[in-house]
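Take a look at the letters that make up each chain.
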Amino acid sequence: MGKRRRGRDRVVTCVNCGRSVPRSKAMSYMKRTRYSTDLRNEENVSYVGGVEVYYCISCAKHYGIGEKKKKMAQRRREREYRV
Ligand SMILES: [Zn+2]
């Protein structure tokens, strides 16, 4: 009790299971979101954006988030090699 955290070990919440994990141990993931009013006229407003969400390690493993990132990095490397 009593000792204040100095903010360097920020705690984030896993969006899947709601567990609180230190940011260094959490997997960040850009979640693409799209909002739309679904009106088929000029008033239709759509918005596409990204929200950064965090997963705890077990959830990240379960969803293969880390592997996704690895694959993306590999693809990028391959592209760079070809060019
Ligand atoms: Zn989780």
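As shown above, the structure is provided for reference.
Cut-offs and rules
- Residues numbered from 1 in each chain as written.
- Predicted model: local features only at pLDDT ≥ 70, side-chain atom pairs only at ≥ 80, totals over all residues.
- Core = buried A, V, L, I, M, F, W, Y, C linked by C-beta atoms within 7 Å.
- Buried ≥ 20, exposed ≤ 12 C-beta atoms within 10 Å, placed from the backbone.
- Contact = placed C-beta atoms within 7 Å.
- Helix = DSSP H or I, 4+ residues; strand = E, 2+ residues; numbered from the N terminus.

**Q** It is not clear to me how the nonpolar core should be interpreted in this structure. Could you clarify?
**A** Side chains of nonpolar character tend, in soluble globular proteins, to be buried together. One finds Val12, Ala26, Met27, Tyr54, Tyr55, Cys56 and Ala60 forming the largest nonpolar core, which totals seven residues. Not counting residues within four places of it along the chain, the set of residues in contact with Cys56 comprises Cys14, Cys17, Arg19, Val21 and Ala26.

**Q** Teacher, can you tell me more about the environment of Arg23 here?
**A** Within the secondary structure, Arg23 sits in the loop between β2 (20–22) and β3 (27–36). By the C-beta count within 10 Å, which is 12 here, Arg23 ends up exposed. Considering only alpha carbons, one finds Arg23 and Cys56, 33 residues apart in sequence, at a separation of 9.0 Å. If we skip the residues at most four places from it in the chain, Arg23 touches Arg10, Val11 and Val12.

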